[in-house]
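For reference, the chains in residue letters:
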Amino acid sequence: MIPQSEQQTGWQTGAPIAIIGAGCAGLSLARRLTLDGFKNIQLYGPLSPAATKGHSWGFWAAEGLADQIRLAAHRWPKWQIITEQQKITQSADTAPYCRLDSRTWLNHCLDTINGQVAHLADGRPDQNETLIFDSRPPSVPEGAMLQHFRGIEIKTNNPCFDPETAVLMDFRCDQSRGIHFIYLLPYSPNEALVESTMFSPTPEQDRFYDEAITRYLDAYWTTGGYQIRHQEKGCIPMAFLTPVDKSLLPIGANGGCVRPSSGYAFSFIQRQVDKISQQLATSRQGLSPSSLPRPIRRFDLFLDKIFLRVLRRHPDRAAELFARIAARLTGDEFARFMSGLAEFSTYAKLITAMPTGLFLKALWDEGKERQT
Ligand SMILES: Cc1cc2nc3c(=O)[nH]c(=O)nc-3n(C[C@H](O)[C@H](O)[C@H](O)COP(=O)(O)OP(=O)(O)OC[C@H]3O[C@@H](n4cnc5c(N)ncnc54)[C@H](O)[C@@H]3O)c2cc1C
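Calculation notes
- Residues numbered from 1 in each chain as written.
- Predicted model: local features only at pLDDT ≥ 70, side-chain atom pairs only at ≥ 80, totals over all residues.
- Heavy atoms only, no water.
- Pairing = 2+ DSSP bridges.
- Helix = DSSP H or I, 4+ residues; strand = E, 2+ residues; numbered from the N terminus.
- 1 Å grid on protein atoms, 1.4 Å probe; cavity = no way out; pocket = protein on both sides within 12 Å on 5 of 7 lines; lining within 4 Å.
- Points joined across faces, edges and corners; volume = space filled by probe spheres on them.
- Domains from an automatic or database assignment.
- Near = heavy atom within 4 Å.
- Polar contact = N/O pair within 3.5 Å; in protein donor to acceptor, adjacent residues only side chain to side chain.
- Areas by Shrake-Rupley, 256 points an atom, 1.4 Å probe, with all protein chains shown as cover.
- Nonpolar A, V, L, I, M, F, W, Y, C, P; charged D, E, K, R; others polar.
- Buried area = accessible area lost by both parts, 1.4 Å probe.
- Salt bridge = Lys/Arg side-chain N within 4 Å of Asp/Glu carboxyl O.
- Disulfide = S-S within 2.5 Å.
- Core = buried A, V, L, I, M, F, W, Y, C linked by side-chain atoms within 4.5 Å.
- Buried < 20%, exposed > 50% of the residue type's maximum accessible area, 1.4 Å probe, protein only.

Moving on, we come to the sheet that holds strand β2 (residues 41-47). An order of β8-β2-β1-β9-β15 is seen for the 5 strands of this open sheet, with the pairing classed as parallel. Looking at strand neighbours, the two that pair on one side only are β8 (117-120) and β15 (249-250), the edges of this open sheet. Of the pairings in the sheet, the one linking strand β1 (residues 17-22) to strand β9 (residues 131-134) comprises 4 bridges and is parallel in character. Counterpart to Ile19 in the pairing with β9 is Phe133.

Let us now look at the layout of surface pockets. Taken as a whole, the second largest pocket encloses approximately 620 Å³ of empty space. Taken together, 25 residues make up the lining of the second largest pocket; nearest its centre are Leu241, Gly255, Gly256, Arg294 and Leu301. For the lining of the second largest pocket, the leading source of residues is helix α7 (residues 298-313), giving 3 residues. In terms of domain composition, the lining of the second largest pocket takes at least three residues from each of domain 1 (10-75 + 101-140 + 241-291) and domain 3 (298-371).

Near the ligand lie 27 residues; those nearest to it are Ala25, Gly58, Ala253, Ala265 and Phe266. Ala25 places a polar main-chain atom, nitrogen or oxygen, 2.7 Å from an oxygen atom of the ligand. Note that an oxygen atom of the ligand is positioned 2.7 Å from one of the backbone N or O atoms of Phe266. For the ligand, whose unbound accessible area comes to 980 Å², protein coverage reaches 76%. Contributing elements (two or more residues each) for the shell around the ligand: β1, α2 (24-35), β2, β3 (56-60), β14 (226-237) and α6 (266-282). For the shell around the ligand, the residue count by class is 14 nonpolar, 11 polar and 2 charged. Mapped onto the domain boundaries, the shell around the ligand takes at least three residues apiece from domain 1 (10-75 + 101-140 + 241-291) and domain 2 (146-237).

Under the domain assignment, the protein is made up of domain 1 (10-75 + 101-140 + 241-291), domain 2 (146-237) and domain 3 (298-371). Taking only C-alpha atoms into account, the centre of domain 1 sits 29 Å from that of domain 3. A combined buried area of about 1100 Å² lies between domain 1 and domain 3, and 57% of that area is made up of carbon and sulfur atoms. When residues of domain 1 are sorted by the area they lose upon contact with domain 3, Trp60, Arg259 and Ser261 head the list and together hold 52% of the total. Summed over the shared surface of domain 1 and domain 3, the number is 3 salt bridges.

A word on the state of the cysteines. Cysteine pairs can be covalently joined through their sulfur atoms, and such a bond is termed a disulfide. Counted according to the given criterion, the structure contains 0 disulfides. No disulfide involves Cys160; its sulfur sits 17 Å from that of Cys173, the nearest cysteine.

Moving on to the nonpolar core. Among the nonpolar cores identified, the biggest contains 94 residues, and Tyr97, Phe133, Leu168 and Leu311 are the most heavily contacted of them. The next biggest cluster of nonpolar side chains, apart from the first, holds 15 residues, and it includes Ile154, Phe161, Val194 and Leu217.

In structure tokens form, the structure reads like this:
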């Protein structure tokens with residue numbers, strides 16, 4: 001929040017601010033600006049389907065996310081990464097893993113901006129307006145690594161889940177088509193979201209994910225049968241993408257908020273919109289694409305680039321690499337790293353946990369590619 005006492009800039013007193021895209025980033029920015037006293041905000045584009053047909057946003061609790069944590073439907077103090085060889089359980093003292101329903105968040109944003117922001121489902125902002133934020137999804141280059149998934153919310157006949165422990169990655173599933181794991185968020189002993197998730201350049205047929213989930217539940221959980229209450233699917237680019245229009249102010253996935261190595265974006269979007277509001281409240285010159293706050297640290301992006309190189313070259317080592325990371329860090333360190341808030345000591349632990357040969361080769365290849 002901007003202190004009331006602070007002098008107001010032109011944008012707070014009424015110079016127009018346009019936001020293209022009424023999805024997570026567009027609505028989160030409209031909410032933040034409204035809360036911080038900005039006037040004359042116009043939001044362009046149809047409301048995201050995520051406001052009515054919900055899906056889950058997972059993120060780790062961190063500073064600056066108080067409302068998001070309060071609105072989260074579930075929080076897990078523990079989580080697991082499971083491979084054929086080992087089961088690593090991490091527990092967090094300060095940073096539980098949270099699940100926020102997209103409907104809850106987007107409708108909270110809509111309630112906050114109601115009557116204060118003009119929402120024009122059709123139409124485009126006047127290009128002469130000084131500030132135009134753009135959250136239209138960027139195009140994804142052919143062959144880019146994707147995180148693609150399909151999941152179900154189930155109610156089981158037997159109480160078989162531990163509601164304290166989320167399963168972030170369970171690699172005990174078919175690895176023949178690429179990096180594949182099951183993500184299982186237990187809501188109660190007999191309710192859970194179960195997703196089959198892949199990291200690969202090509203999405204699979206729905207049947208692939210559905211069969212993987214069925215086989216997994218049969219093999220590892222004594223469900224006693226279950227009813228499916230809801231389904232969700234998605235595809236998130238794990239790549240370094242170019243904004244849709246370089247002359248506008250890119251936000252959200254279009255503004256580099258998707259962490260390339262993990263596909264997590266929600267908390268980066270929230271941090272980005274908070275920083276934009278702070279910057280606008282103090283800047284008289286406004287913002288340009290190059291002065292926009294960075295949602296993800298440069299060093300994290302560099303590590304992600306190297307990590308993705310290794311994953312692409314050695315998908316068969318993915319389970320081992322994620323397990324090494326989880327085994328080396330405490331729960332809170334892991335959460336801060338995944339949220340882009342790692343301390344220097346965490347990076348040091350992480351780097352020493354990785355197999356040196358694989359990463360040196362990836363580093364070498366990266367250097368060579370930059371030279372050419
Ligand atoms: C199913 C799913 C699950 C996810 N789960 C997680 C998670 O657990 N944790 C996490 O951190 N991240 C998650 N993500 C990734 C990320 O948080 C979301 O993709 C997030 O919605 C990105 O926000 P955004 O505003 O950039 O894009 P969007 O929310 O997609 O919003 C873009 C908006 O632009 C609009 N638009 C498009 N073209 C135009 C146009 N020409 N004019 C006007 N408007 C236009 C669209 O209608 C849309 O409303 C998930 C993504 C998906 C799809």
